[in-house]
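Single-letter residue listing:
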Amino acid sequence: MQHIKDVNVVLYDPNHDLRTLVIGILREIGFTAIASTEKPETVKARLGRSDVDLLIGDVPEIESAMCALVSDVRTRRLGKNPFPVAIGMTSYPDENTISNIVDAGFDGLALKPFDAQAFRRRLTFFLHQRKPFVTTADYIGPDRRKEPGKPGVDANCVNVPNPLRLIAEGVTRDTLKKQIEHAGARLDERKVISCIGGIGWCASHLDEAIDRNDGSLAHRCIKQLNEIAMDIDGRLERTPFAHMRERCNELLQIGTHLEHAPKGPEKHDVEELNRLVDSFKRGCNADQAAVA
């Protein structure tokens, strides 16, 4: 891979000595275009430029700026490239930290203090391959299922560009950009279909909350419903489903109504949501397996 020197790497860690160690490993492999920083703001600025191929970032035990940035990149809230390879580094292998890293959409994880040889092998692995991305109502990122190929789920998987391999092999930035745009469009389409299932989930649990008079559950459902509505709203025009704009506007209105309804959700709100789900399915020509 004679063009590995052209791969853009961003490395974030507050610890200067660890950054020096990682830079040494990167240079041994052949990477030279390395931006090293202890400031999350610098990482955000670089990701916003959409030219990062590899992100390596520290994830502390507390709420992580890196998790938020990777999630924003994957969902296209930051920059125009949702596909940089992202490796998280952490000294806290507890369940919450690992879960946050996975949910953010990182490709891989390295535990600190880490073995240099193992880290080098991990980087070399990503130079050759990466997992396809999967979409759900609240996630975009690598497919981490233990049993890929399960019927009814692979419809939401997309083989995405691996900028490490492509740039290292000599693919031009313009060609990579076109591949990113193509894969991004496919992800948008599958994300909208996943969100349709998310609307149905919210409707079902709102119905449960009404029956149980559970205000806490209702609040969580309404919050998620509005997040789903905003997600669909932001993606719709980039998909073949732009003709569903009127239905999307209805969903946004229902979400706003539920958020400010003084008496909370009512049965007729659930009925309206289920009606919209059926309408979205017909308009998007989405079969039940894809929605699931």
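Source: prediction; values computed, not measured. (Residues numbered from 1 in each chain as written. Predicted model: local features only at pLDDT ≥ 70, side-chain atom pairs only at ≥ 80, totals over all residues. Heavy atoms only, no water.)

Draft legend 1. Layout of the overall build of the chain. For the chain, the helix and strand inventory stands at eleven helices and eight strands. Whereas a compact globule of 292 residues would reach a radius of gyration of roughly 19 Å, the chain reaches 21 Å, a difference of no more than 12%. A total of 292 residues make up the chain; the buried ones form 48% of that total. When contacts within the chain are restricted to residue pairs at least 6 apart in sequence, long-range pairs at least 24 apart make up 70% of them. In the structure as shown, the chain presents an accessible area of about 14500 Å², 50% of it carried by carbon and sulfur atoms. Side-chain charges in the chain split into 40 positive and 43 negative, and the spacing between the mean points of these groups amounts to 5 Å. (Helix = DSSP H or I, 4+ residues; strand = E, 2+ residues; numbered from the N terminus. Rg over C-alpha atoms; globule rule 2.2 N^0.38 Å. Buried < 20%, exposed > 50% of the residue type's maximum accessible area, 1.4 Å probe, protein only. Contact = heavy atoms within 4.5 Å. Areas by Shrake-Rupley, 256 points an atom, 1.4 Å probe, with all protein chains shown as cover. Lys, Arg positive; Asp, Glu negative; His and termini not counted. Charge placed at Lys NZ, Arg CZ, Asp CG, Glu CD.)

Draft legend 2. Geometry of the packing of aromatic side chains. For the structure on display, the rule yields three aromatic pairs. Both rings, one in F83 and one in F133, keep their centres 5.6 Å apart while their planes meet at 70°; by these two values the pair is edge-to-face. With F83 in the loop between α3 (65-74) and β4 (85-90) and F133 in strand β6 (residues 133-136), the pair connects residues that are 50 residues apart, well separated along the chain. In this structure F133 comes out as buried when scored by relative accessible area, which is 0%. Judged by centre distance (5.2 Å) and plane angle (75°), the rings of F125 and F126 are edge-to-face. Taking relative accessible area as the criterion, F125 reaches 36% and is therefore assigned partly exposed. (Phe/Tyr/Trp six-rings, centres within 6.5 Å; stacked < 30°, edge-to-face > 60°.)

Draft legend 3. Up close: unusual backbone geometry. Following K112, the chain continues into P113 via a peptide bond in cis, with omega recorded as -5°. Looking at the element boundaries, P113 is found in the loop between β5 (108-111) and α5 (116-126). Unusually for a residue other than glycine, S50 sits at a positive phi of about 65°. By the secondary structure assignment, S50 is in the loop between α2 (40-48) and β3 (54-58).

Draft legend 4. Representation of the layout of surface pockets in the model. In this structure, the largest pocket encloses a volume near 570 Å³. Taken together, 23 residues form the lining of the largest pocket, with S71, T75, R77, K191 and D231 sitting closest to its centre. Taken together, the elements giving at least two residues each to the lining of the largest pocket come down to α3, α4 (95-104), β7 (139-142) and α8 (215-235). Class assignment of the residues belonging to the lining of the largest pocket gives a composition of seven nonpolar, six polar and ten charged. (1 Å grid on protein atoms, 1.4 Å probe; cavity = no way out; pocket = protein on both sides within 12 Å on 5 of 7 lines; lining within 4 Å. Points joined across faces, edges and corners; volume = space filled by probe spheres on them. Nonpolar A, V, L, I, M, F, W, Y, C, P; charged D, E, K, R; others polar.)

Keep in mind that these numbers describe shape and distance, not what the molecule does.
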